[in-house]
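Residue-level structure breakdown
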Amino acid sequence: MAKNTLLLFSVFLLVLFAGCAAQRKPETPAGISPTQPVVTQNETAAPVPEGTKFGTIDRSGYGISMEIFKNLPLYREDFGSLKAAMDRGLIKNLCNLSEEHWKQPEFYPNFERNPIEKEKIGAGLNWFRNPPKGRWGVVGYGAFPSDAYVTIVAGDALSVCTFFHTSWGIETYQGLGFGASYPAASYASEEVNATLLNLQNSSEVAGYFEVAVTPGYTLMQPTFPVFSKDWTKKLEMKIKVKPGTPPGGYVVALDIGKPPADVEEAWIAEHLAYYVGSGTMFGVGRPMFRVFVTVPAK
Amino acid sequence: MNWKIGLTLAVLIAAAMLAYGDQDTLVRFYVPESLSFTITYPATTVFILFQSTGSNAVVNASNQTSAQPIITYTNTGNIAEYYYVKFNVSGPPSGINMSCGPVFASWQSSCWCQGSTNSPANATKCCNITTTFSKMNETATAISATQTMWCWANFTGASAGTVERNITSNASST
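Residues numbered from 1 in each chain as written. Chains lettered and ligands numbered in written order. Predicted model: local features only at pLDDT ≥ 70, side-chain atom pairs only at ≥ 80, totals over all residues. Heavy atoms only, no water.

**Describing the overall build of chain B**
- Counting its regular elements, chain B contains 1 helix and 10 strands.
- Traced from its N-terminal end to its C-terminal end, chain B shows the element sequence α-β-β-β-β-β-β-β-β-β-β.
- Across the 174 residues in chain B, those meeting the buried criterion constitute 39%.
- Looking at chain B alone, contacts between residues at least 24 apart form 85% of all its contacts between residues at least 6 apart.
- As presented, chain B carries roughly 8600 Å² of accessible surface, and 56% of it is formed by carbon and sulfur atoms. (Helix = DSSP H or I, 4+ residues; strand = E, 2+ residues; numbered from the N terminus. Buried < 20%, exposed > 50% of the residue type's maximum accessible area, 1.4 Å probe, protein only. Contact = heavy atoms within 4.5 Å. Areas by Shrake-Rupley, 256 points an atom, 1.4 Å probe, with all protein chains shown as cover.)

**Section: the pairing of strand 5 (residues 70–73) of chain B**
All names here are of chain B.
- In the sheet, strand 2 (residues 35–42) pairs with strand 5 via 4 bridges, with the strands oriented antiparallel. Across the sheet, residue Phe 37 finds its bridge partner in strand 5, namely Tyr 73.
- Note: strand 5 against strand 9 (residues 139–141), 3 bridges, orientation antiparallel. Opposite Ile 70, over in strand 9, you have Thr 141 as the bridge partner. (Pairing = 2+ DSSP bridges.)

**Thoughts on the state of the cysteines**
All names here are of chain A.
- Applying the stated criterion across every chain yields a total of 1 disulfide over all chains.
- Paired by a disulfide, Cys 95 and Cys 161 hold their sulfur atoms 2.0 Å apart. Its S-S torsion of approximately 105 degrees makes the covalent link between Cys 95 and Cys 161 right-handed. Of this pair, Cys 95 sits in the loop between helix 2 (79–87) and helix 3 (99–102) while Cys 161 sits in strand 4 (residues 157–166), placing them 66 residues apart in sequence. An identical accessibility class is assigned to Cys 95 and Cys 161; each is buried. (Disulfide = S-S within 2.5 Å.)

**Observations concerning the layout of surface pockets**
- In this model, the second largest pocket occupies a volume close to 770 Å³.
- Every residue lining the second largest pocket is counted, 32 residues in all, and those nearest its centre are Pro 109 and Pro 115 of chain A together with Pro 32, Glu 33 and Met 136 of chain B.
- For the lining of the second largest pocket, a count of residues per class yields 12 nonpolar, 8 polar and 12 charged. (1 Å grid on protein atoms, 1.4 Å probe; cavity = no way out; pocket = protein on both sides within 12 Å on 5 of 7 lines; lining within 4 Å. Points joined across faces, edges and corners; volume = space filled by probe spheres on them. Nonpolar A, V, L, I, M, F, W, Y, C, P; charged D, E, K, R; others polar.)

**Re the nonpolar core**
- By size, the foremost hydrophobic cluster in this structure holds 73 residues, and its most contacted members are Leu 97, Phe 107, Val 160, Phe 164, Phe 209, Phe 227 and Val 293 of chain A.
- If you tally residues by element for this core, the top one is strand 4 of chain A, at 5 residues. (Core = buried A, V, L, I, M, F, W, Y, C linked by side-chain atoms within 4.5 Å.)

Structure follows, in structure tokens:
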């Protein structure tokens, strides 16, 4: 019975393929290319309809000075299409993205529009329109994207990138050092009763990976009152899975700490009261950037 | 009959490969969400670290806030303020009793930094206050303007000599 079922299925596929191959092209009048429209006398061909365009950045309606963006590279015409692809999670190779794209504040969620309540302007634009009076932005940074999902065969290495940026409204220079950590528990969000995504023995998992973060340290530059040239940085984590690593799911996270002491001393001397060291007293309860690594079975 | 069996096998193998998934090293996808926060203080405020006084086996450290940080968080969830106070003690002492308060009153007995060594010579106290954000871009005030925070440590069995007080703190002081 099983043999007959397989045989019937194979025959069905063969018939299907044969039917597709036997489709006949429609006949066209002699002398006319099948790709040209047939236009009779007294008629004119309709114009080619305008296709969908994603456009590019348009800051004319922001209501703020364009001087705010003077230190940034010029944006590209395909920015809108790239951003739409980013928003859909289609871009897999962030490490090769042009800085003309990722240095624009519009690249990041929550600058132009609130990503949830889209009729509201984003926190970034709102900061320039309505800066808080009598206060200044001292500490703040973020990562976009904040999670990546990868597969790495044991013995292989893979680079993943995120864009680590100064938060909106920050007037200080923040010195940070970067490394890797292996959180014991990772949740889908920071809310109460969030879904648990991964549990692991941190010290054991640390022995399965070699991670290099580039840059190893950096000086995050201000975003207020104007965007600095290096307000955002491309951060690369090169993750190597050691041979013999058991198959399974792991989480490698970005760890934030201090820059080298001599480097920090120079930054303090240069920026004085505008310098803020790492080890901020605030944390968001999860790493800024996490990589969920699947090590497949051989 | 052989060609039928071959075709059937080819179809089944192709289906199995599709179902089993990609086993190559690659990026599967990025989640297109961001995470960030901003802390503001009254303009031109200067940070003040924990001050330390005292000598020998008892060290008192205290600090008083003079302003109020306001947190803006782009996501929902929790944001925590961490305070680290570390005492390096020469000797070394045989025991330690370390406490911070009053805003950390509920964590006095068990508030240690994850990963810190709980040994007398490297006593590190890490306390945190958690603020919960239920909406994106919500703001919240951190520790209030006039609260006083303090940390003290009582080292027993310290040998003769000066107790070094190496205070590493990112206390809210603005």
